[in-house]
Amino acid sequence: MNYYSTNNKNLKVSFKDAVLKGLAEDGGLFMPESIPELNKNFIQNLNTFSFQEMAFTIAKNFIDDEIEEDQLEKIIYDSINFDAPLVKLDENFFILELFHGPSLAFKDFGARFMARVFSHFNKDNYKELVILVATSGDTGSAVANGFYEAEGIKVVILYPSGKISDIQEKQITTLGKNIIALEIEGTFDDCQHLVKKAFVDTELKTKMNLSSANSINIARLIPQSFYYVNAIKQLGVTNKKIVFSVPSGNFGNLTAGLFAKKMGLNIERFIAAVNRNNVFTEYIETGKLEPRPSVKTLSNAMDVGNPSNFSRILELYENNHDQIKKDIYSKSFNDEQTILAIKEVYKNFNYIIDPHGAVGYLAVKEFAKDYGNEFNIIILETAHPAKFSETIENILGIDIKTPERLKKYQSREKHSIKISNEYDKLKDYLITVE
Ligand SMILES: *Cc1c(COP(=O)(O)O)cnc(C)c1O
């Protein structure tokens with residue numbers, strides 16, 4: 001399978017190059033030349049496969065023989081080593097819990113898979129690989145965990161100072177070893193901008209072996225399609241159409257869902273649930289995407305003013321706005337609504353939903369007003385509520401139990417390097433890393 005740049009269909013590279021480069025030379029994102037369809041027999045018999053077996057089949061389709069089967073199998077079993085259970089809230093109404101990995105967010109799927117793919121491809125390289133990643137919170141912790149102690153790899157994480165939760169900061173800044181945290185005086189968009197600039201800096205590229213781990217990396221995206229398939233397997237035989245509600249920021253998660261649909265899965269529609277950072281909702285309404293600086297919200301992992309996977313969505317639909325609108329419904333909500341939703345879900349379903357999932361829930365309610373209830377609705381719960389325990393405890397007036405795998409960070413000491421949001425400062429720093 002070849003991968004092309006969203007800026008230029010003729011710029012094609014192998015899977016390995018797409019992964020190691022992260023971003024194409026012309027600044028575009030890599031897309032598979034085609035989305036490989038799953039065979040009908042496989043789709044009809046999902047219940048006979050384990051999560052890992054399905055993941056292997058999907059990954060194999062995207063990677064062909066660029067990774068030998070036994071190696072790929074090992075990568076899958078090492079990275080997808082936790083579950084993604086479908087929890088029933090009500091008749092035809094489900095939550096897909098994606099937070100059972102080490103950092104308690106869905107990004108563990110992508111980060112763990114990508115880290116192992118990187119190590120695999122870099123194993124014969126004498127030069128250390130430096131992974132540069134911007135985070136609004138959860139990417140950083142998932143990537144830090146995913147790459148921790150990975151051989152031949154150093155990870156530099158840029159995060160906006162004071163704009164992520166304490167526990168997210170701890171998860172990024174306390175691991176040490178090959179994980180370096182850069183605390184940027186600026187916003188998440190500044191961080192993302194800095195990273196993008198570094199990748200097109202030819203001087204930097206000749207000096208070091210740079211790569212990315214943001215959701216722009218195709219190796220992050222592919223494993224995110226696994227759990228959509230696994231959700232449909234868990235749902236089992238049904239005569240109602242399936243709709244996924246996806247709390248979205250950079251739209252990597254949703255794009256992976258679109259991949260799953262294109263693979264042949266029977267998915268009726270996606271709901272792109274967003275907070276006040278609503279440029280995508282506007283795009284659905286008007287056909288125009290107008291990026292804006294992000295604003296801070298309770299669902300902070302979705303505070304994105306210029307969704308990086310948007311160009312991939314356009315590619316999948318050949319720029320056809322009507323078709324995109326047919327497949328993706330989108331609504332935006334503010335923090336007050338999010339707080340009410342957390343209360344409502346707790347009261348009605350006795351389920352503690354995090355602020356990101358709560359936005360997903362709100363969008364489902366709007367969807368039902370417009371299209372009725374004759375669907376199987378699956379909300380992707382992208383983070384464990386304990387990651388936002390202070391917020392949720394305030395809202396619900398209950399104690400949230402901290403899972404053991406989160407507790408261990410709290411007692412550790414923060415180590416970060418604070419720099420301004422000027423590109424030269426980042427560059428100066430990176431040159432010293434090597
Ligand atoms: C990253 C993240 C999102 C947004 O996912 P995208 O793929 O960037 O759209 C939503 N919720 C949580 C908890 C996240 O960490």
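Residues numbered from 1 in each chain as written. Predicted model: local features only at pLDDT ≥ 70, side-chain atom pairs only at ≥ 80, totals over all residues. Heavy atoms only, no water.

## Topic: the overall build of the protein
- When you go through the protein residue by residue, the secondary structure sums to 20 helices and 14 strands.
- Counting only C-alpha atoms, the protein reaches 55 × 50 × 45 Å along its principal axes.
- Residue pairs in contact within the protein that sit at least 24 positions apart in sequence constitute 75% of those at least 6 positions apart.
- Of the roughly 17,200 Å² that the protein leaves accessible, carbon and sulfur atoms contribute 45%. (Helix = DSSP H or I, 4+ residues; strand = E, 2+ residues; numbered from the N terminus. Contact = heavy atoms within 4.5 Å. Areas by Shrake-Rupley, 256 points an atom, 1.4 Å probe, with all protein chains shown as cover.)

## Focus on the site of the ligand
- Around the ligand sit 15 residues in total, of which Lys-107, Asp-138, Gly-249, Phe-251 and Thr-382 are the nearest.
- Measuring from an oxygen atom of the ligand, one finds a backbone N or O atom of Phe-251 at 2.8 Å.
- Considering the ligand on its own, with 380 Å² of exposed area, one finds that the protein chains cover 97% of that surface.
- Looking at the shell around the ligand residue by residue, the class counts come to 6 nonpolar, 7 polar and 2 charged. (Near = heavy atom within 4 Å. Polar contact = N/O pair within 3.5 Å; in protein donor to acceptor, adjacent residues only side chain to side chain. Nonpolar A, V, L, I, M, F, W, Y, C, P; charged D, E, K, R; others polar.)

## Things to note about the sheet that holds strand β4 (residues 86-90)
- Here 6 strands make up an open sheet; going across it, the order is β4-β5-β13-β10-β11-β12 and the pairing mixed. Sheet topology places β4 and β12 (328-332) at the edges, where each strand pairs with a single neighbour. The mean inter-strand angle of the sheet, taken between neighbouring strand axes irrespective of direction, is 25°.
- Across 5 bridges, strand β11 (residues 269-274) lies against β12 in parallel orientation. Paired with Ala-272 across the bridge in β12 is Ser-330. (Pairing = 2+ DSSP bridges. Axes fitted to C-alpha atoms, helices over the stretch in contact; angles between N-to-C directions.)

## Digging into unusual backbone geometry
- The phi angle at Asp-64 is positive, at roughly 55°, despite the residue not being glycine.
- Tracing the chain through its elements places Asp-64 in the loop between α3 (51-63) and α4 (69-79).
- What makes Asp-64 partly exposed here is its relative accessible area of 31%.
- With phi around 65°, Asn-319 is a residue other than glycine that occupies positive phi space. (Buried < 20%, exposed > 50% of the residue type's maximum accessible area, 1.4 Å probe, protein only.)

## Some points on the side chain of Asn-376
- Tracing the chain through its elements places Asn-376 in strand β13 (residues 375-381).
- Judged by its relative accessible area of 2%, Asn-376 falls in the buried class.
- A polar contact of 3.1 Å, which involves the side chain of Asn-376, links it to the backbone oxygen of Lys-240.
- Asn-376 has contacts with Asn-92, Phe-94, Leu-235, Thr-238, Lys-240, Lys-241, Ile-242 and Val-243, leaving out every residue within four places of it along the chain.

## Observations regarding the packing of aromatic side chains
- Enumeration over the complete set of coordinates arrives at 24 aromatic pairs.
- A centroid spacing of 5.9 Å and a plane angle of 20° characterise the contact between Phe-62 and Phe-259, whose relative ring orientation is stacked. With Phe-62 in helix α3 and Phe-259 in helix α12 (residues 252-262), the pair connects residues that are 197 residues apart, well separated along the chain.
- Using a relative accessible area of 0% as the deciding quantity, one classes Phe-259 as buried. (Phe/Tyr/Trp six-rings, centres within 6.5 Å; stacked < 30°, edge-to-face > 60°.)

## Some remarks on the pattern of salt bridges
- For the coordinates displayed, the defined rule picks out 18 salt bridges.
- The partner of Glu-25 in a salt bridge is Lys-21, with the nearest N and O atoms 3.4 Å apart.
- A relative accessible area of 53% places Glu-25 in the exposed class.
- When its relative accessible area of 31% is taken as the criterion, Lys-21 is described as partly exposed. (Salt bridge = Lys/Arg side-chain N within 4 Å of Asp/Glu carboxyl O.)

## Concerning the environment of Gly-146
- Mapped onto the elements, Gly-146 comes out in helix α6 (residues 138-147).
- Overall, the relative accessible area of 9% leaves Gly-146 in the buried class.
- Gly-146 sits 38 residues away from Asp-108 along the chain, and the two C-alpha atoms are 6.9 Å apart.
- Those residues in contact with Gly-146, other than ones at most four positions away along the chain, are Ala-111, Arg-112, Ala-115 and Arg-116.

## Observations regarding the nonpolar core
- Ranked by size, the top nonpolar core spans 137 residues in total, and within it Tyr-3, Phe-15, Phe-147, Phe-226, Tyr-227, Phe-244 and Ile-378 carry the most contacts.
- The residues touching Phe-15, leaving out its near neighbours within four places in the chain, are Met-1, Tyr-3, Phe-62, Ile-63, Glu-66, Ile-67, Val-117, Phe-121, Ile-218 and Ile-222.
- Leu-132, Leu-210, Val-304 and Ile-419 belong to the second-largest nonpolar core, a separate cluster that totals 27 residues. (Core = buried A, V, L, I, M, F, W, Y, C linked by side-chain atoms within 4.5 Å.)

## Re helix α7 (residues 166-173)
- Taken across its 8 residues, α7 has 6 buried, putting it largely inside the fold.
- Regarding α7, the residues found buried are Ile-167, Gln-168, Glu-169, Gln-171, Ile-172 and Thr-173.

## Let's talk about a negative patch on the surface
- A cluster of acidic residues, Glu-53, Asp-64, Asp-65, Glu-68, Asp-70 and Glu-73, forms a negative patch at the surface.
- On the secondary structure map, Glu-73 appears in helix α4. (Patch = residues over 30% accessible without salt bridge, like charges linked within 9 Å, V, L, I, M, F, W, Y side chains within 5 Å. Lys, Arg positive; Asp, Glu negative; His and termini not counted. Charge placed at Lys NZ, Arg CZ, Asp CG, Glu CD.)

## Regarding the pairing of strand β8 (residues 179-185)
- Of all 7 residues in β8, 6 are buried, a share of seventy percent or more.
- Pairing geometry for strand β7 (residues 153-160) and β8, over 6 bridges, is parallel. Bridge assignment links Val-155 to a residue of β8, and that residue is Ile-179.
- Note on the crossover from β7 through α7 to β8: the handedness is right-handed.
- Looking at chain direction, β8 and strand β14 (residues 417-420) are connected through 4 bridges and run parallel. Paired with Glu-185 across the bridge in β14 is Ser-420. (Right-handed = clockwise from strand over helix to strand, strands pointing away.)

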